[in-house]
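# Observations on chain architecture
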Amino acid sequence: MVIRGKQLSRSELFLLCLFLGLSLEAWAGKIRYTVPEETDKAFFVGNIAEDLGLQPQELTERRVRIISRGRTQLFALNPRSGSLVTAGRIDREELCAQSVQCLVSFNILVEDKMKLFPVEVEIIDINDNTPQFKLEEVEFKMNEITTPGTRISLPLGQDLDVGMNSLQNYQLSSNPHFSLDVQQGADGSQHPEMVLQSPLDREEEAVHHLLLTASDGGNPVRSGTLLIHVQVVDANDNPPAFTQAQYHMSIPENVPLGTRLLTVKATDPDEGVNGEVTYSFHNIDHKIAQIFQLDSYTGEISNKEALDFEEYKIYSMEIQAQDGAGLMARAKVLVKVLDINDNAPEVTMTSVTTSVPENFPPGAIIALISVHDQDSGGNGEITCSIPGNLPFKLETLDDNYYHLVTERTLDRELTSRYNITVTATDQGIPALSTETHISLQVTDINDNPPVFPQDSYSTFILENNPRGASLFSATAHDADSNENAQVTYSLVEDTIQGTPLTSYVSINSDTGVLYALRSFDYEQFQDIQLRVMACDRGDPPLSSNVSLSLFVLDQNDNAPEVLYPTLPTDGSTGVELAPRSTEPGYLVTKVVAVDRDSGQNAWLSYRLLKASEPGLFAVGLHTGEVRTARALLDRDALKQSLVVAVRDHGQPPLSATVTLTVAVADSIPDVLADLGSIRTPGDPDDSDLTLYLVVAVAAVSCVFLAFVIVLLALRLRRWHASRLLQASGGGLVGVPASHFVAVDGVRAFLQTYSHEVSLTADSRESHVIFPQPNYVDTLISQESCGKSEPLLITQDLLEDKKETFSQRETASKRGNTSRGSRRGSRRSLMWGSIPECQDHALSRCPEPKADA
C-alpha cells in the first residue's frame, strides 16, 4: 500500500536533513546496545568489532579491551566472533534499583592507538520480582466510635521491577465495614488506604481480618499479600499530634555511629493508655531502615551505620506516632547528608608503557591515566600533576583522562630509569591527594662510540723482547649499555718496512692488551706508529681510534765490530809494516770499529790487551790508533803480535778483540828474508807450499829488479846521448817528450807492485799483508794510495840514481852479491811503498840508507 502525502518544501527538507545529521552525529558519539536482565553468561549483546570497524581477529592484535570504573565487569569480548557478550548474570535491580532506565556505561580501549570508544548498554527489565510488603501482617486498633469515612493508611507494597513489571494495583478482601481507596502520589506512586464504610461495633465483632493483595502488570502476573488485623477498642477521641508536620536536619557524612541526630515529638491529650504514644517507622526503605534507629518511646533517631554522601544525599523517612487506643499520626523526616572530603582521588593506570628507547620522539604517549573522586563539588574536582624536573608532561583528555607524554628526547646515558610520580589532588579542605608511581626504563640505542681517555699514547719497550710480551693496554669506554657498550679492539691495517703490521704486534680484541709477535731489533727500527681501533657491538656499530707510538729502546746486544784491519776470509792474520827508523809516536795503523747500538752502548774505547813486546806500542783510548811508544831497536823482534780490545759502554759491556801482526823492517825483501827463517810447525805439505810461494815471490822480485836495471841502463844511455847532443847542439830542445814515459811506467809498476805483493810464511795459518808504510799521523786508505800524480824526472834525480847504481856496483865487488841484491831490491821497493813517493814528485823521496 502506498501512502501519498504532500511534497515537502525545501525548508522542510533542510530541517529534516539537519535533524538526521544531528541524530547520526549523536549516535556516532556512543555505541549503544540493549540486553535483558537475568540472561545466561556469554549472552550476545552486540557485534562490537563491526561497530568499531574492525575484523574479529583484530581485537586481539590491537589489544582491544573493556575499561569500566567502580563496578565489577559485567561484559566481555568474544575475540573469535568479535561480539560483546555478558560476563555473568545481570540483575537490573541490583544495578539500578528503581530507576526507570538502567544504563551501564563503559569504554572500549584500542590499546595500540590508546583510543577510547564509549559504550552504553541498557538493561531491560523482566518480571522477575514479586511485589512484597515489609511485614507479613499488620494490626490496627480502631475505636468503635470511629466515624465512617475514616481512612487508615496501609503499608506500601514494593516491587523491584519497573514499568509494567512493577506494582500496578492493590486489592482488599471483601468486608462490609472496610473498602480500599488507592491514592496517586505526585511521583506516580500508589498509596493504598483502607476506608471505614460503616460504624464498628466491638460487641458485634471485636476483630476484623482482611487481606491486602498487591499485583504487578507483568506476564504472568505476580502478587504479594498482607494480612490486616483490625481490633475494635473502646472510644479514644484524641489522636496523637506531632509538633512539626515535617522535620529537616543536615549532618556531615562522617558523623560517628550512635549519634543522636533528631528527636520527633508527638503528644496525645488523652489519659492513660489512650495518651501513651509510641513511635515507629512507616513506609521506609529497607536500606534506610538498616542505617537509622528510632527509639519507640522517646522518638530519638540515631545512626547505627555510617552515612555515605556518595550513596544517599538525602534520607527520607516517615515516622508514625500511635497512642494506646490505636489513634495515629505521621510526620516526615528529611535528613540531608553534607559531603566532606573523605575520599581521596582514585588514579587508575588504564594503559602504561614500562620501557621506551632513548630516541623516543617528543609527544610520544607513555601512559593513559584515569582519575576519579567519589566526592562532589570542590571535593570532587581533581588536578593531576607530575614533578616539573622530568622530561614528561600530562595532557588533559575528556572524562578525567590524561595522557602522559614525553616532552623532549630522552638520553639513557644521563638517566636510565625514571620513577614518575603522578599526583591527583582534589579541591577539598583539607585537600586529599593520591600518588601513583610509574617506573619507566629507558632502553639503550647505540648512539655513543667508544672513547679513549687520551687522544694519543706512547709506550716504550726494550729491544730483544720475548715473543708474546705485553706491550700496552688500551682501554676505551662506551657510555651505552649491554652489547652497545661491549668494546672490541683491533689494529688499523698498516705496514712496517713493507711488512704487514699484524706480523709484528697483535691485540686482544676483548681486553685491548697489545702483544709483541716477534722480538724487536732497535737496529732495524726505532719506533712503530700504529692506530688502535675500538668498536662496539651495536647496530650499526660505532668506532673510534687512537694513535699509539711504540718506541723501541736500545739494549747492549751488539758487540763492537772491527772494520779495519779486515781479517782475511781464510782465517789468517794481517800484517802491518813498521820501519825500524820510526820515532816514538809513529802511527803504525789504526783500529777502526763500529757498534750497531746507540747511545752509550755505542761509545767505544780501545786498549792494548796483549803485546809480544810490552811497552813498544800504545793504543789510543778513543781513536784506536796504534803508535810506537819508543824507538825501535835492533834487538826488537821482526814480528810483533798485538791484541787490541774494543769495548763499548753498555750494561753489561761487550767487547771484541783483533790481533795485529806488525812486521818491523825497512822494506819487503827484509821481511821476506827474515820470514824465511821462521818456521811454523805444521804439516809437510804446508811447508812445501810456503816454500813454493817464497820462491815465486823471490823470482818475481828478481825479474822486477832486472827490469828496473834494464830501464835504468837504457835511461843512462839516453842521458849520455843527450849530453853529447848538448855539447854539440846545446840542449835538449829537440828531444820528444815520449822519451820520459818509461820512467812514469816504472813508477806506476813500483806503485802497483807495492800494493799487490802478498807473502805468507804459512798460507794455512797466517796471511801476511804488507800495506804501505805511513810516516804521517793518519792512515791512508787503499783508495787514496791508489792515486798517483804525473812523475817528473829531473836532472838531479838522474844524478842521484846514477850515484845509487855506482854504490851498488861497489858493494858487488866486495863479494856480497846475494845480500847486496836483496838489499838493493829492498831500497827499490821502499820507493814504491812510501806515500810521499806515490803522491808527490820523486825528487822529494828520501835516499835509502846504506847498509851498515
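None of the values given here were measured: they were computed from a predicted structure.

Moving on: the overall build of the protein. Along its length, the protein carries 12 helices and 53 strands. Here the protein holds 852 residues, and the buried ones make up 40% of them. When contacts within the protein are restricted to residue pairs at least 6 apart in sequence, those whose partners lie at least 24 apart make up 68%.

A cis amide bond links D539 with the next residue in sequence, P540, at an omega value of 0 degrees. If you trace the backbone, P540 turns up in the loop between β41 (527–536) and β42 (543–553). Cis peptide bonds are those with omega within 30 degrees of zero, and the linkage from Q651 to P652 qualifies with -5 degrees. The topology assignment puts P652 in the loop between β50 (639–648) and β51 (655–664). Non-glycine residue E38 carries a positive phi angle of around 60 degrees. Mapped onto the fold, E38 is located in the loop between β1 (31–36) and β2 (44–46).

All right, on to the state of the cysteines then. Inspection of every chain in the model, using the stated rule, returns one disulfide. Residue pairing for C96: its cysteine sulfur links by disulfide to C102, the two sulfurs lying 1.8 Å apart. With the S-S bond torsion at 65 degrees, the cross-link from C96 to C102 turns out right-handed. Here C96 and C102 have matching classes, each one buried.

With that settled, the discussion passes to the sheet that holds strand β14 (residues 190–196). If you trace the three strands from one edge of the open sheet to the other, you get β10-β14-β13, paired in antiparallel fashion. Looking at the sheet topology across the chains shown, the edges are occupied by β10 (151–153) and β13 (178–184). Going from strand to strand, the sheet's axes swing by 35 degrees on average, the running direction of each strand aside. Across three bridges, the pairing between β10 and β14 is antiparallel. If you follow R151 over to β14, its bridge partner there is V195.

Here the focus is the sheet that holds strand β24 (residues 314–322). With mixed pairing, four strands are arranged side by side in an open sheet as β18-β25-β24-β21. Only two strands of the sheet have a single partner each, and these edge strands are β18 (246–252) and β21 (278–282). Here the strands of the sheet are splayed against their neighbours by 30 degrees on average, with no regard to which way each runs. As paired elements, β18 and strand β25 (residues 328–338) share seven bridges and run parallel to each other. Bridging across to β25, M249 finds its partner in V335.

What follows covers the packing of aromatic side chains. Here the structure, examined in full by the defined rule, presents 10 aromatic pairs. Three or more aromatic residues link up through ring pairs in this structure, and these residues are F292, Y312 and Y315. Over the ring of F309 we find K313, and its NZ or CZ is 5.1 Å from the ring centre. In this structure, R518 is placed above the aromatic ring of Y504, and the distance from its NZ or CZ to the ring centre is 4.2 Å.

Turning our eyes to something else, we now look at the environment of D444. Structurally, D444 is set in the loop between β33 (433–443) and β34 (456–462). With 35 residues separating them along the chain, D444 and A479 place their C-alpha atoms 9.8 Å apart. When near neighbours in sequence (up to four residues on either side) are disregarded, D444 contacts E358, R412, E413, D480, S481 and N484. A polar side-chain atom of D444 sits 3.1 Å from the main-chain amide nitrogen of S481.

Tallied over the entire structure, the rule returns 15 salt bridges. For the salt bridge of R89 with E38, the shortest nitrogen-to-oxygen distance reads 2.6 Å. Taken together, the residues R89 in the loop between β5 (83–86) and α4 (92–96) and E38 in the loop between β1 and β2 connect sequence positions 51 residues apart. The partner of E613 in a salt bridge is R630, and the shortest N-O contact between them spans 3.7 Å. In this pair, E613 sits in the loop between β47 (604–611) and β48 (617–619) while R630 sits in the loop between β49 (625–628) and β50, placing the two residues 17 residues apart along the sequence. When its relative accessible area of 23% is taken as the criterion, E613 is described as partly exposed. Put simply, K30, R32 and E120 are held in one network by salt bridges that share partners.

This part covers the side chain of D339. Mapped onto the fold, D339 is located in the loop between β25 and β26 (346–352). Buried charged residue D339 carries no salt bridge. Nearest counter-charge: K313, at 8.6 Å. Looking at D339, its side chain comes within polar contact range of the main-chain nitrogen of S376, at 3.0 Å. Residues within four places of D339 in sequence aside, it is in contact with E253, F309, E310, D375, S376 and N379.

Once that is clear, we can look at a nonpolar patch on the surface. Together, L689, L691, Y692, L693 and V695 make up an exposed nonpolar region whose accessible area comes to about 460 Å². Positionally, Y692 belongs in helix α7 (residues 684–729).

Moving on: the layout of surface pockets. Approximately 1800 Å³ is the volume attributed to the largest pocket. Lining of the largest pocket is provided by 50 residues; of these, L156, G157, Q158, N283 and I284 occupy positions nearest its centre. In terms of residues, the lining of the largest pocket owes the most to one element, β24, which gives six residues. In terms of residue class, the lining of the largest pocket is built from 19 nonpolar, 22 polar and nine charged.

This next bit is on the nonpolar core. In this structure, F242, F292 and M317 are the most contacted members of the largest nonpolar core, which totals 29 residues. The set of elements that each furnish at least two residues to this core consists of β18, β19 (260–263), α5 (286–291), β22 (292–294), β24 and β25. Counting residues per element, this core draws most heavily on β25, which supplies five residues. Not counting residues within four places of it along the chain, the set of residues in contact with F242 comprises Y247, V264, K265, A266, Y279, I319, Q320, A321, A329, R330 and A331. I507, L514, Y522 and L548 belong to the second-largest nonpolar core, a separate cluster that totals 28 residues.

What follows covers the confidence of the model for the protein. Caution applies to low-pLDDT parts of the model: their predicted coordinates are not meant to be read in detail. Per-residue confidence for the protein averages 78 on the pLDDT scale, and 77% of its residues sit at or above 70. When mean pLDDT is taken per element in the protein, strand β40 (residues 513–516) scores highest with 94 and helix α11 (residues 817–833) scores lowest with 34. Here residues 10–28 scores under 50 on pLDDT; set against residues more than four positions off or in separate chains, the count is one contact. Confidence drops under pLDDT 50 across residues 729–852; counting only partners more than four residues distant or on other chains, this segment forms 184 contacts.

Right, let's talk about the environment of D478 for a bit. Within the secondary structure layout, D478 lies in the loop between β35 (470–473) and β36 (487–491). The buried category is assigned to D478, whose relative accessible area is 12%. As for D478 and P449, which are separated by 29 residues in sequence, their C-alpha atoms are 6.1 Å apart. For D478, the contacting residues outside a window of four places in its chain are N448, P449, P450, N484, A485, V487 and D536. There is a polar contact of 2.9 Å between the side chain of D478 and the backbone nitrogen of D480.

Checked against the element boundaries, S296 lands in the loop between β22 and β23 (300–303). Residues S296 and V277 lie 19 residues apart in sequence; the distance between their C-alpha atoms is 8.6 Å.

This part covers the side chain of N558. As for its placement among the helices and strands, N558 is situated in the loop between β42 and β43 (561–564). At 2.8 Å, the side chain of N558 and the side chain of D597 are in polar contact. Once residues within four sequence positions are removed from consideration, N558 is found in contact with E523, D595, R596, D597, D648 and L654.

Rules and cut-offs
Residues numbered from 1 in each chain as written. Predicted model: local features only at pLDDT ≥ 70, side-chain atom pairs only at ≥ 80, totals over all residues. Heavy atoms only, no water. Helix = DSSP H or I, 4+ residues; strand = E, 2+ residues; numbered from the N terminus. Buried < 20%, exposed > 50% of the residue type's maximum accessible area, 1.4 Å probe, protein only. Contact = heavy atoms within 4.5 Å. Disulfide = S-S within 2.5 Å. Pairing = 2+ DSSP bridges. Axes fitted to C-alpha atoms, helices over the stretch in contact; angles between N-to-C directions. Phe/Tyr/Trp six-rings, centres within 6.5 Å; stacked < 30°, edge-to-face > 60°. Lys NZ or Arg CZ within 6 Å of the ring centre and 35° of its normal. Polar contact = N/O pair within 3.5 Å; in protein donor to acceptor, adjacent residues only side chain to side chain. Salt bridge = Lys/Arg side-chain N within 4 Å of Asp/Glu carboxyl O. Lys, Arg positive; Asp, Glu negative; His and termini not counted. Patch = residues over 30% accessible without salt bridge, like charges linked within 9 Å, V, L, I, M, F, W, Y side chains within 5 Å. Areas by Shrake-Rupley, 256 points an atom, 1.4 Å probe, with all protein chains shown as cover. 1 Å grid on protein atoms, 1.4 Å probe; cavity = no way out; pocket = protein on both sides within 12 Å on 5 of 7 lines; lining within 4 Å. Points joined across faces, edges and corners; volume = space filled by probe spheres on them. Nonpolar A, V, L, I, M, F, W, Y, C, P; charged D, E, K, R; others polar. Core = buried A, V, L, I, M, F, W, Y, C linked by side-chain atoms within 4.5 Å. pLDDT = per-residue confidence, 0-100.

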